[in-house]
Amino acid sequence: MADTRHFLTLMDFSPDELQALLRRATEMKQARLAGTESPRFTGKVLGMIFAKSSTRTRVSFEAGMTQLGGHAMFLSPSDTQLGRGEPIEDSARVISSMVDLVMIRTFGHDILESFAAHSSVPVINGLTDDYHPCQLMADMQTYAEHRGSISGKVVTWVGDGNNMAQSYINASRQFDFELRVACPPGYEPDATLLEANRDRVSVIHDPLAAAAGADLVVTDVWASMGQEAEQKAREAAFSGYQVNAELMSRAAGDALYMHCLPAHRGEEISAELMDAADTVVWEEAENRLHAQKAIMEFLLLANR
Ligand code: CP
Ligand code: NVA
């Protein structure tokens, strides 16, 4: 337990480990395309706990396990004892005694941390209110495959200071880039996290100014899961914080734009950019599959 490796945030792995994971993810992607993938996870079981909705995370983890010879089990609070109040610590002890890996998508990051503290097998963060590190691995893989190293580049985040923005702050440290966060006042990422990374992260409320010369522009929904009641207020607060052709015209000539999806066309991103023939957002989504296979392989090997 104490020495079990987990992937709760990008800070759980060293920069070298993260780079190796990106290389391995691209290798696994090529093997899948070439039809030479080998079933490395035979007999392994991944337990997947989803307290929030998901398309990409569920499909990529489940497909990834199956493609490598293992099995993934979907567990939702509504039809397990988790939804009837069984303590997270007890659930962690029991579930981890029967499976080889656990992936959790939930609300509070503390729930994930409690589960990991009582789990005898590695735990992967499939998104919490605070962080979404698996998405970052797919984003970093996509950037590397299209543009090479992101080290020393400028990344502009446009939108809410949410779980994705906070993961980009961790990424700026682990992958060594400058991050500009363009959000409306009052929607900044966590103040302590910002302060700890002030050498490379700045908050610039004007999105066009923040995008100037950027190598990568990233956005996400204005209202995250769990914030549905704030949708209308957020639409008002975030109008003007849209990634569109005008904003991209301020970025570097070869800048990429990304979105973790699901996207709301006409809100945080224009329909024109979402539907552009040369967008990388679909490959970014597909890379969830490859990046997570590399993460699962690492954790299964690291904890043998
Ligand atoms: N980007 C992402 O995590 O998508 P899902 O919510 O569909 O899993
Ligand atoms: N910030 C979004 C990301 C969805 C993948 C949310 O938490 O709902």
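Summary of the structure given here. Since we're looking at a predicted model, the values are computed, not measured.

Some points on the overall build of the protein chain
Scanning the protein chain from N- to C-terminus turns up twelve helices and nine strands. By the compact-globule yardstick of 19 Å for 304 residues, the protein chain fits well, its C-alpha radius of gyration being 19 Å. Seen along its three principal axes, the alpha-carbon backbone of the protein chain occupies a region of about 50 × 45 × 35 Å. The proportion of buried residues among the 304 residues of the protein chain is 53%. In the protein chain, of all internal contacts separated by at least 6 residues, the share reaching a separation of at least 24 is 73%. Side-chain charges of the protein chain comprise 26 positive and 42 negative groups, with the mean position of each set lying 5 Å from the other.

Details of the environment of A51
One can find A51 in the loop between β1 (45-50) and α2 (56-67). For the pair formed by A51 and D220, sequence separation is 169 residues and the distance between their alpha carbons is 20 Å.

Some remarks on the site of ligand 2
Ligand 2 sits among L127, N162, N163, D220, V221, S224, M225, C260 and L261. A distance of 3.4 Å separates a nitrogen atom of ligand 2 from a polar side-chain atom of N162. In this structure, a nitrogen atom belonging to ligand 2 sits 2.6 Å away from a side-chain N or O atom of D220. With the chains in place, 94% of the 270 Å² that ligand 2 exposes on its own is no longer accessible. Among the residues forming the shell around ligand 2, the class breakdown is five nonpolar, three polar and one charged.

About the thresholds
Residues numbered from 1 in each chain as written. Chains lettered and ligands numbered in written order. Predicted model: local features only at pLDDT ≥ 70, side-chain atom pairs only at ≥ 80, totals over all residues. Heavy atoms only, no water. Helix = DSSP H or I, 4+ residues; strand = E, 2+ residues; numbered from the N terminus. Rg over C-alpha atoms; globule rule 2.2 N^0.38 Å. Buried < 20%, exposed > 50% of the residue type's maximum accessible area, 1.4 Å probe, protein only. Contact = heavy atoms within 4.5 Å. Lys, Arg positive; Asp, Glu negative; His and termini not counted. Charge placed at Lys NZ, Arg CZ, Asp CG, Glu CD. Near = heavy atom within 4 Å. Polar contact = N/O pair within 3.5 Å; in protein donor to acceptor, adjacent residues only side chain to side chain. Areas by Shrake-Rupley, 256 points an atom, 1.4 Å probe, with all protein chains shown as cover. Nonpolar A, V, L, I, M, F, W, Y, C, P; charged D, E, K, R; others polar.

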